[in-house]
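# Tertiary structure, described
Single-letter residue listing:
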2 protein chains.
Amino acid sequence: MSADPALRREIPDATVARLPEYLRTLSRLAEDGVLSVSSEELAAEVGVRSAQLRKDLSHLGSYGVRGVGYDVETLALEISRALGLTEDWPVAIVGMGNLGHALASYSGFVTKGFRIVGLYDDDPALADERIVGVAIRPLAELTEHHAVDPIAIGVIATPAPAAQAVCDALVGAGISSILNFAPAVLSVPSGVDVRRVDLSTELQILAFHAQRKSLAAGDLRSAVAAP
Amino acid sequence: MSADPALRREIPDATVARLPEYLRTLSRLAEDGVLSVSSEELAAEVGVRSAQLRKDLSHLGSYGVRGVGYDVETLALEISRALGLTEDWPVAIVGMGNLGHALASYSGFVTKGFRIVGLYDDDPALADERIVGVAIRPLAELTEHHAVDPIAIGVIATPAPAAQAVCDALVGAGISSILNFAPAVLSVPSGVDVRRVDLSTELQILAFHAQRKSLAAGDLRSAVAAP
DNA sequence: AGACGTTTGTGAACCCATGCACAAAGTTGA
DNA sequence: TCAACTTTGTGCATGGGTTCACAAACGTCT
C-alpha cells in the first residue's frame, strides 16, 4: 500500500556504510542454504549489535517477520535494491600501475552490478595491453568513450600529483562518482561524490593504537612528568 | 611544565582518523617552503572546518600562536609524535597476489615510519621471488621470523576464504595490529586491532549515492505511489 | 607603552548515532 | 481457540562529534 521507503525516506550515511556488509553476509548464508535469520544471529556474524541491525533495516522497510526473523533471500534482494545494485554500474579505472592492475583483475570488483568498461593510462608502454578483456587507452579518449558507452563511476589509481588533473578530466567528462586511491584531497564541484581509500592513513591509525597499547602496557619510560 | 597531553589525554577516534590528512598536507606545505599556517588556511587545504581543525589539534597540546597561526615544521612533528610515527613500524604482508604485489611496491607504503620486513604466500610459484628486496616466504615461517625480527603490523591481502586462517596465524604469532583487505569479517581476541579496507563496499556506497542523484534528478518513473 | 587587529583554544548548543527496553505482532502447540 | 513464546520495530535516553561564537593571548604599529 505504501511506497518503497528506500525511495522516500532518508537513509543515514552510517547505515548505508553497513549495508554492504549485511549484504555480503546474507549472500554467504544463502550459499550455505540458510533460509532465515534472526537479527541476533545476523548481527553476531557481522559484528554489530542486534538493535543496530534492526534499526538499520527498518530504514529500508519492514521485511522481517516477528517471532521468526528475516527471509535471507528477500532481505538480500531488498538491500541490493536500496543500494542500487539491481542496476548496472559501468566503472572506469585511471592509472594502470601496480594498483590499477590489481584493481582491474580484482575478482570482487566484478561482483554484482559493477562492470569494468574502461582502463586509462597515458604511459605508451601500456598502450593496447588488455586486462580482463579491456584495452588500456590514453586518458584523452575518455570523453569520447563516455559519450558512446557511459561511465558511472571513475576510479583514480594514479600517483598523488596526477590525481587532481585526472579528477578534473573525469568531472569534465560528466562523471559524478569518484573513488580515489591517491593520497590527495580532491576539490570537486558540488554534486560530485568522492570517496577516498588510503593505505597509509589506515596504517597510521593502526600505528597510533599500537603505540597506545605499548605505552599502556607498563612502558614507564614515558611517565616523565608528575604533578 | 605539564606532561605531553598526547600521552595523558584521550584523543577521540574521529580526530585520530583526520591527523594523517593534516600531516600529509603539512608535509606538502613544508616542501613548498611554507613556514606558518593559520587554522583557516590549513582547514581549507584539507577540506574541514577551521573550528574542527583547532579542536582536533587542541587534543595534542597547544602548539599554535594566537594572532599568528601554527609553525608548519613544529606541528608536523607533533602530529607525527602523536601518531607514533617517530618510531619504526615493521610491516608484514600476507598474500602476494595482484593486490599484495601492488601494496608491497606502493611507494606511499614506505613513507615515514613504515618498513616492509616480511612477505608471505604459500604458492610455490612465488617462492623466493623478491619485491623491494624482500623474499616471499611460506606463511609457516611467520612465527619464527617474528621471533627474530618482530613484526608490528600484519596486512592481509589474501582472498576472503583464507583471511580468517591467516588472521589466526598472525594473532598466534603475537601480532596485534592487522590491516585487512579481504572482504571478510575477522574475529579476533580482545586487544587485537583490526581495520578493514574494502573496495566493493566503497563502490556500493558510491552506487547508492549515484542512484539517489539519478532518482532525484527528475526521474519520475519511481514516483509510483501517492497518498 | 598602549591601542588595535588577528588568531587560537574552548565552553556551550546542536545534531547524529548507538544502545536499551518494551509493546506489537507473529508463530507454535495444546 | 487461546495461551505462551519468540522476535521485530521503535520511542527514549545516552554519548560523541561537529559547529558556533567569544574571551584570552599574541604580534604590530604608532
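See above for the structure.
Residues numbered from 1 in each chain as written. Chains lettered and ligands numbered in written order. Predicted model: local features only at pLDDT ≥ 70, side-chain atom pairs only at ≥ 80, totals over all residues. Heavy atoms only, no water.

## A closer look at the overall build of chain A
Helix and strand content of chain A: nine helices and 10 strands. On C-alpha atoms alone, chain A measures out to a radius of gyration of 22 Å, which is more than a quarter above the 17 Å that the 2.2 N^0.38 rule sets for 227 residues. Viewed in the frame of its principal axes, chain A has a C-alpha envelope of about 70 × 60 × 35 Å. For chain A, long-range pairs separated by at least 24 residues make up 56% of all intrachain contacts whose partners lie at least 6 apart in sequence. For chain A, the separation between the mean place of its 19 positive charges and that of its 28 negative charges on side chains is 10 Å. (Helix = DSSP H or I, 4+ residues; strand = E, 2+ residues; numbered from the N terminus. Rg over C-alpha atoms; globule rule 2.2 N^0.38 Å. Contact = heavy atoms within 4.5 Å. Lys, Arg positive; Asp, Glu negative; His and termini not counted. Charge placed at Lys NZ, Arg CZ, Asp CG, Glu CD.)

## Observations regarding the sheet that holds strand β2 (residues 64–65) of chain B
Either a parallel or an antiparallel arrangement is found when strands of a sheet pair, and the pairing is made through backbone hydrogen bonds. Residues and elements named next belong to chain B. In spatial order, the strands read β1-β3-β2; together these three strands make up an open sheet with antiparallel pairing. Looking at strand neighbours, the two that pair on one side only are β1 (36–37) and β2, the edges of this open sheet. Two elements, β1 and strand β3 (residues 69–71), share two bridges in a ladder whose sense is antiparallel. Considered in β3, the bridge of Ser-36 is made with Asp-71. Across the sheet, helix α5 (residues 72–83) is in contact with β1 and β3; its angle to β3 comes to roughly 75°. (Pairing = 2+ DSSP bridges. Axes fitted to C-alpha atoms, helices over the stretch in contact; angles between N-to-C directions.)

## Overview of the relation of the copies chain A and chain B
Both copies of the chain are related by a screw-like operation: a rotation about an axis and a shift along it. With an RMSD of 0.0 Å, the fit of chain A onto chain B corresponds to turning through 180° and sliding 0.0 Å along the axis. Such values leave the two copies arranged in the relation of a two-fold axis. Same-surface contact between copies: 100% of interface residues of chain A are shared with the interface of chain B. (Least-squares fit on C-alpha atoms with pLDDT ≥ 70 in both.)

## So, the protein's contact with DNA strand C
By nearness alone, 26 residues border DNA strand C, and A:Arg18, A:Lys55, A:Arg66, B:Ser39 and B:Tyr70 come closest of all. For DNA strand C, the fraction of atoms within 4 Å of the protein that belong to sugar or phosphate moieties is 65%. Looking at the surface near DNA strand C, the elements with two or more residues in it are α2 (13–31) and α4 (50–58) of chain A together with α4 (50–58), β2 and β3 of chain B. The element best represented in the surface near DNA strand C is α4(A), accounting for four residues. Residue composition of the surface near DNA strand C, grouped by class: nine nonpolar, eight polar and nine charged. (Near = heavy atom within 4 Å. Nonpolar A, V, L, I, M, F, W, Y, C, P; charged D, E, K, R; others polar.)

## As for empty space enclosed by the protein
This model, assessed by the stated rule, comprises one cavity of 30 Å³ or more. Approximately 80 Å³ is the volume attributed to the largest cavity. Around the largest cavity sit A:Leu99, A:Leu103, A:Tyr106, A:Phe181, A:Val197, A:Leu199, B:Leu99, B:Leu103, B:Phe181, B:Val197 and B:Leu199, which together line it. Of all the secondary-structure elements, those providing two or more residues to the lining of the largest cavity are α6 (98–105) of chain A together with α6 (98–105) of chain B. Grouping the constituent residues of the lining of the largest cavity by class yields 11 nonpolar, no polar and no charged. (1 Å grid on protein atoms, 1.4 Å probe; cavity = no way out; pocket = protein on both sides within 12 Å on 5 of 7 lines; lining within 4 Å. Points joined across faces, edges and corners; volume = space filled by probe spheres on them.)

## Observations concerning the sheet that holds strand β8 (residues 153–156) of chain B
All names here are of chain B. Spatial strand order, β6-β7-β5-β4-β8-β9-β10: seven strands in an open sheet with mixed pairing. In this open sheet, the two strands that pair with only one neighbour each are β6 (130–131) and β10 (193–196). Where β8 lies against strand β9 (residues 177–180), three bridges are found, and the strand directions are parallel. Looking at β9, one finds that Ile-156 is bridged to Asn-180. Strands in contact with helix α8 (residues 160–173) are β4 (89–94), β8 and β9; relative to β8, the strand with the most contacts, it is inclined by about 170°.

## Considering the protein's contact with DNA strand D
Around DNA strand D there are 25 residues in total, and A:Ser39, A:Arg54, A:Ser62, A:Tyr70 and B:Arg66 lie nearest to it. Considering DNA strand D, the proportion of its atoms within 4 Å of the protein that are sugar or phosphate atoms stands at 67%. Within the backbone of A:Gly64, an N or O atom sits 3.1 Å from a phosphate oxygen of DNA strand D. One of the side-chain nitrogen or oxygen atoms of A:Arg66 is found 2.9 Å away from a sugar or linking oxygen of DNA strand D. Of all the elements in the fold, those that place two or more residues in the surface near DNA strand D are α4, β2 (64–65) and β3 (69–71) of chain A together with α2 (13–31) and α4 of chain B. Broken down by element, the residue count for the surface near DNA strand D peaks at four residues, all from α4(B). Here the surface near DNA strand D is composed, by residue class, of nine nonpolar, eight polar and eight charged. (Polar contact = N/O pair within 3.5 Å; in protein donor to acceptor, adjacent residues only side chain to side chain.)

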